[in-house]
Amino acid sequence: MCGIIGYIGKEHPKEILLEGLKNLEYRGYDSSGMAFKKGKEIQIVKCVGKIAFLEEKLQNEKLIDCNIGIAHTRWATHGEPSEKNAHPHQVGKITLVHNGIIENAAPLKKELEKEGVKFQSSTDTEVMAALINKYYKKDMIGAINKAIKEVKGSYALAILNEDEDKIYAVRCQSPLIIGVEKNGYYVTSDIGAILSHTNQYVLLGENEVVELTKDGYSITKNNKPITRKVETSTLSTEDSSLHGYEHYMLKEIMEEPILVDNFIKKYINNLDALPDLKKYHDIHIVGCGSAYYAGMIGKYLFEEDGLRVDIDVASEYRYRNIIYNDKTLVILISQSGETADTIAAMRKAIEHKVDTLAIVNVDGSTIARDCTYKVLIEAGREIAVATTKAFIQQVLVLSLLSYKINKDDTYLEDLIHLPQQLKVLLDKSGYYKKLADAIYKQEDVFFIGRKVDYAISMEGSLKLKEVSYIHSDSYQAGELKHGTISLVNEGTIVFGIITDDEIKDKTISNLEEVISRGAVPIYVGIDDYGYENQILVPRVNKKLQPILVVPTLQMIAYYVAYKRGCDIDKPRNLAKSVTVE
Ligand code: F6R
């Protein structure tokens, strides 16, 4: 949530920061701002709305000639999206940008007000600026250390102090890295913001304070020097180009066959590189949103392999009374590797000294770093806020893990043909558009399925509602008649997902029940039942079937959102990486 970039070096920061913010915009996009520094002068430019509005505003401003700047794109937590709540915030000599949430901002604010601070915004961030300003006499690092001792919550901060030509930065439970390049130094919450300048970066540990000058940087923790190695990112700037597509969501869906193919080629003869789940008595799978639904698919696969599996969303798991044993494995699924609740669930497992397995996209992220084992899903950079290709890669990893537990005959043969079959399905965009025509004026859409088809339904439904803003829900097919069926009437669209031979007749009956109450069915499955609206996917090994079904639902969600004129890559109220609880 929210994005930070700061630059100090030889060049004017405006273009660097602007480009960085554009690359970070997927993390939050309700307002943005920049601060430029020369000598004692700090110039702040802020704006409500997209980065394009800030760009326009900057064009009309006379900017100071300088080589130090910090910038921010916001996803509001404390205070509505407005210019006064946009970052940077300035109190006294301190100007800063912040990602995260200061949980005890309210009592701190009261105290600071008693001491005479007059706050301009409703943000928790301004409290942080006031605290550092309060403690700053001559020693900036000392002031930061004192301030962070008083706050509870999460923060990544890039800080300017009127008295020094430096940028300071510190983080806790919110990502922040240093970028290293010959012409300057960067601080950013996401390597993607600086990739066109450098792929060299340094990770920052919790509460390590970094001091950046135009000639170098130093890191301390509790005033003691820290040495950290410079790492090289394998991501490329290519990842952020649209390649002729109108939206990242479509581009990223279209990348799925090649990503699946690459992943298969890497692991097909190298299954030993994947962890063996057979040695565990209990598997807990934890994630949020789509990552949780990918986990749900994993649960059904592992259960059929004979494992005992518990699954929960991270925001619940972290507060539950979980019984662990020494043969428990907790699997944390996360595209970003920085989702606050998933990190908390991981920490809980680590505290209980059980093994943890990260299934993540972003290497170097907190979850990738701190788990006992990690499998990188290798989806490349995912920019559209709604996840698509990362979901498919997560399911692919779970499918391979399942195959490793229980090697059934047809799997490898089907695996080899999977990318091509997926490509053929994705090439039917005309058909998805036609279905979108039937859906885009609806107010409610339902998805039903049983077992793994229910997990697929959950993801299909989430995708549709988050990008198109049509209300949509998913139910276990057998559960519908226990209440929800009362919502079904003439013309209601009901998706029936049916890929599991064992229970297909049951779900077909449930679909017929809604049809007889006026519903218009869209059948997605492997057998041809002759429905007017049906998406037939090739029959493959059960462990692979979701990889062919989910992309068709992603396509439909995309085209429905398109027809409704939605902001597909940046749906309202969302952000790519949810780093607050
Ligand atoms: C939905 C979506 C979210 C994420 C969720 C977890 O399209 O993208 O539901 O799946 O916020 O994010 P990660 O995977 O980064 O932990």
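Our subject is the structure that appears above.
Quick look at the packing of helix 12 (residues 389–405) against helix 13 (residues 411–426)
Running from N to C, helix 12 and helix 13 cross one another at 160 degrees; their axes reach a closest spacing of 12 Å. Here helix 12 lies roughly antiparallel to helix 13, going by the angle between them. Crossing of helix 12 against helix 13: the hand is left-handed. Where helix 12 approaches helix 13, its residues Leu396, Ser399, Leu400 and Tyr403 are matched on the opposing element by Tyr411, Leu412 and Leu415.

Some words on the site of the ligand
Surrounding the ligand, one finds 14 residues, the nearest of these being Ser334, Gln335, Ser336, Thr339 and Glu466. A distance of 2.6 Å is found between an oxygen atom of the ligand and a side-chain nitrogen or oxygen belonging to Ser336. Contact distances for the ligand include 2.4 Å between an oxygen atom and a side-chain N or O atom of Thr339. Its free accessible area being 410 Å², the ligand has 89% of it covered by the protein chains. Going through the elements one at a time, helix 8 (289–304) and helix 15 (452–468) are the ones with two or more residues in the shell around the ligand. In terms of residue class, the shell around the ligand is built from five nonpolar, seven polar and two charged.

Observations regarding the packing of aromatic side chains
This model, assessed by the stated rule, comprises 12 aromatic pairs. Both rings, one in Tyr292 and one in Tyr293, keep their centres 5.5 Å apart while their planes meet at 55 degrees; by these two values the pair is tilted. The exposure classification of Tyr292 matches that of Tyr293, with both residues buried. Ring geometry for Tyr558 against Tyr562: centres 6.0 Å apart, planes inclined by 45 degrees, an arrangement best described as tilted. Here Tyr562 and Tyr558 lie together in helix 17 (residues 545–563), a separation of four residues that amounts to about one turn. Among the residues examined, Tyr562 registers a relative accessible area of 38% and is labelled partly exposed. Feature note: the residues Tyr523, Tyr529 and Tyr531 constitute an aromatic cluster, connected by ring pairs. A cation over a ring is seen here: Lys299 above Tyr300, with NZ or CZ 5.6 Å from the ring centre. The residue whose ring lies beneath Lys407 is Tyr403, and the NZ or CZ to ring-centre distance is 5.9 Å.

Calculation criteria
Residues numbered from 1 in each chain as written. Predicted model: local features only at pLDDT ≥ 70, side-chain atom pairs only at ≥ 80, totals over all residues. Heavy atoms only, no water. Axes fitted to C-alpha atoms, helices over the stretch in contact; angles between N-to-C directions. Helix = DSSP H or I, 4+ residues; strand = E, 2+ residues; numbered from the N terminus. Parallel < 35°, antiparallel > 145°, perpendicular 65-115°, else oblique. Left-handed = near helix turned anticlockwise from the far one by under 90°. Contact = heavy atoms within 4.5 Å. Near = heavy atom within 4 Å. Polar contact = N/O pair within 3.5 Å; in protein donor to acceptor, adjacent residues only side chain to side chain. Areas by Shrake-Rupley, 256 points an atom, 1.4 Å probe, with all protein chains shown as cover. Nonpolar A, V, L, I, M, F, W, Y, C, P; charged D, E, K, R; others polar. Phe/Tyr/Trp six-rings, centres within 6.5 Å; stacked < 30°, edge-to-face > 60°. Buried < 20%, exposed > 50% of the residue type's maximum accessible area, 1.4 Å probe, protein only. Lys NZ or Arg CZ within 6 Å of the ring centre and 35° of its normal.

These values are about where atoms sit, not about what they do.
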